[in-house]
Amino acid sequence: MRPDTPADHITEAERLLRTAAQYPEDHEPLILQAAAHLELAGDRARASTLYDDLLAAPESTVDNPYLIKALKAANLWEYGHEAEARAIIDGLRTAGPLNAAPWQVAAETLEAHDELESAHDFFSTALTLLLAPGEEVPYATQSLLTGRHRVRRLMGLDHDAWDELAGDLHTAPVPLDELHDPKRLWSLGSSDPVELKAEIARLRAELGTYRTALSRPFPVAVLHWPEQELQELLAAYPELTEEYVDRETHLSRLEASLRDLHTTGTPNLGIVTGTVPSYEAFAASEATSPADPGLLPQYATTLAARGRATPWPPSRTAACWCGSGETYGACHGVG
């Protein structure tokens with residue numbers, strides 16, 4: 001069951017903190033989940049302490065410092081530390097992180113506090129930085145388009161090209177313009193059955209979108225083995241040779257699998273990187289032999305659930321996921 005009460009959220013936070021202590025390599029995403037539960041429980045001061053602890057760690061050990069800062073700012077603003085929250089958000093804008101999550105958290109924080117112009121600026125700046133003209137919109141970036149569309153509707157602005165793109169990417173049966181209509185609030189107080197039925201239909205569509213997002217809180221991930229790790233894996237467990245054959249075959253199969261999933265409409269794809277010690281520990285926890293090929297997808301899913309996935313596809317000008325040192329476009333992104 002999902003936590004419903006403050007006590008339930010505290011219990012879940014404590015469980016996550018214990019798990020983080022057991023798996024230090026995955027402590028960051030687990031601690032962020034724990035902080036989220038503490039916020040829901042109303043213990044925002046303790047949540048801030050967790051964010052501070054993560055940020056105080058050596059820089060090389062922090063995977064998502066800008067996301068942590070954005071979450072910290074959102075939390076601070078909610079319990080009376082507006083000035084500090086604003087300073088952090090201003091710092092994020094100056095830093096210009098190259099992933100969508102911190103931008104979205106900061107923009108939605110501004111939106112939640114009726115700072116619509118600033119929220120619009122954040123959404124627009126993020127899209128300018130992250131969305132290359134003519135390239136497919138990454139899954140993580142789509143929410144920035146949706147958020148910007150929502151804010152622009154609240155501001156009464158006319159549609160632009162990004163609004164049209166947001167509408168094209170929207171898959172719910174109720175159009176995005178209708179979901180983001182500022183006049184919807186008026187219909188909630190209406191006694192007109194027609195208006196109420198229309199609002200119920202919109203709410204059901206919105207709930208369906210949220211449920212879809214919640215059902216996939218981490219990417220559909222495929223497992224990548226760096227060259228040295230793959231050599232060690234196949235030397236220790238030759239039964240897996242048929243699964244991977246060699247490095248070149250492994251890379252080509254991985255990219256082909258991702259493209260096939262993408263073609264079938266699977267969103268939120270990612271790549272997780274395996275290591276032999278981590279895989280052996282996972283096999284032991286599952287009481288299964290590491291030589292069992294059926295364990296590999298379970299291992300990939302577990303890594304993704306712990307926040308270890310890199311979104312796919314990357315930009316054609318970004319470094320390729322395989323570690324070749326070339327751009328994705330030059331290495332695997334052709335075609």
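Model, not experiment: these values are computed from the prediction.

Q: I tried to follow the overall build of the protein chain on my own but got confused; where do I start?
A: Per the secondary structure count, the protein chain includes 18 helices and three strands. Counting the 335 residues in the protein chain, one finds 39% classified as buried. A fraction of 57% describes how many contacts in the protein chain between residues 6 or more apart in sequence connect residues 24 or more apart. As displayed, the protein chain offers around 18000 Å² of accessible surface, 55% of which is attributable to carbon and sulfur atoms.

Q: I would appreciate a short explanation of helix α8 (residues 139-155) in the present structure.
A: Side chains of residues three or four places apart in an α-helix project in the same direction, reflecting 3.6 residues per turn. The end-to-end C-alpha separation of α8 is 26 Å, in line with the 24 Å expected for 17 residues at 1.5 Å each. Residues of α8 that are buried: Thr141, Leu144, Leu145, Gly147, Arg148, His149, Val151 and Arg152. Contacts from the buried residues of α8 go to α6 (100-112), α7 (116-130), α9 (161-169) and α10 (176-179). With its phi angle positive at about 75°, glycine 156 sits one or two positions after the end of α8.

Q: How should I be thinking about the packing of aromatic side chains in this particular structure?
A: How two aromatic rings sit relative to each other is set out by the distance from centre to centre and by the angle between their planes. In this structure the tally under the stated criterion is six aromatic pairs. Here tryptophan 225 and tyrosine 279 contribute two aromatic rings whose centre-to-centre distance is 5.7 Å and whose plane-to-plane angle is 85°, an arrangement assigned as edge-to-face. Of this pair, tryptophan 225 sits in the loop between β1 (220-224) and α13 (227-236) while tyrosine 279 sits in helix α16 (residues 276-285); the two residues are 54 residues apart in sequence, bridging distant segments of the chain. Judged on exposure class, the residue tryptophan 225 and its partner tyrosine 279 are both buried. Every member of this aromatic cluster is reached through a ring pair, and the members are Trp225, Tyr244, Tyr279, Phe282 and Tyr299.

Q: How do you make sense of the packing of α7 against α8 when you look at a structure like this?
A: Helix packing geometry: the angle between the two helix axes and the distance between the axes. Relative to each other, α7 and α8 sit at 150°, their axes nearing to 9 Å. Here α7 runs over α8; the crossing is left-handed. Taking contact as the criterion, the partners of Leu116, Glu117, Ala119, His120, Phe123, Ser124, Ala126, Leu127 and Leu130 in α7 are, on α8, Thr141, Leu144, Leu145, Gly147, Arg148, Arg150, Val151, Arg152, Leu154 and Met155. Among the residues forming the contact of α7 with α8, the class breakdown is eleven nonpolar, four polar and four charged.

Q: Just to check I follow, could you spell out α6 for this structure?
A: The end-to-end C-alpha separation of α6 is 18 Å, in line with the 18 Å expected for 13 residues at 1.5 Å each. Within α6 the residues assigned to the buried category are Ala100, Pro102, Trp103, Gln104, Val105, Ala106, Ala107, Thr109, Leu110 and Glu111. Looking one or two residues past α6, aspartate 114 carries a phi angle of roughly 60°, positive in sign.

Q: Please clarify how the side chain of serine 48 should be interpreted in this entry.
A: Tracing the backbone shows serine 48 in helix α3 (residues 44-56). With a relative accessible area of 5%, serine 48 lands in the buried category. A polar contact of 2.8 Å, which involves the side chain of serine 48, links it to the side chain of asparagine 75. Ignoring anything within four residues of it in the chain, the contact list for serine 48 reads Asn75, Leu76 and Tyr79.

Q: What is the right way to read the side chain of asparagine 75 from this model?
A: Tracing the backbone through its elements, the reader meets asparagine 75 in helix α4 (residues 65-78). Relative accessible area serves as the criterion here: at 0%, asparagine 75 is assigned to the buried category. Within the local environment of asparagine 75, its side chain forms a polar contact with the side chain of arginine 44, the two groups lying 2.9 Å apart. With residues up to four places along the chain from it excluded, the contact list for asparagine 75 reads Glu39, Arg44, Ala47, Ser48 and Tyr51.

Cut-offs applied
- Residues numbered from 1 in each chain as written.
- Predicted model: local features only at pLDDT ≥ 70, side-chain atom pairs only at ≥ 80, totals over all residues.
- Heavy atoms only, no water.
- Helix = DSSP H or I, 4+ residues; strand = E, 2+ residues; numbered from the N terminus.
- Buried < 20%, exposed > 50% of the residue type's maximum accessible area, 1.4 Å probe, protein only.
- Contact = heavy atoms within 4.5 Å.
- Areas by Shrake-Rupley, 256 points an atom, 1.4 Å probe, with all protein chains shown as cover.
- Expected span 1.5 Å × (residues − 1).
- Phe/Tyr/Trp six-rings, centres within 6.5 Å; stacked < 30°, edge-to-face > 60°.
- Axes fitted to C-alpha atoms, helices over the stretch in contact; angles between N-to-C directions.
- Left-handed = near helix turned anticlockwise from the far one by under 90°.
- Nonpolar A, V, L, I, M, F, W, Y, C, P; charged D, E, K, R; others polar.
- Polar contact = N/O pair within 3.5 Å; in protein donor to acceptor, adjacent residues only side chain to side chain.

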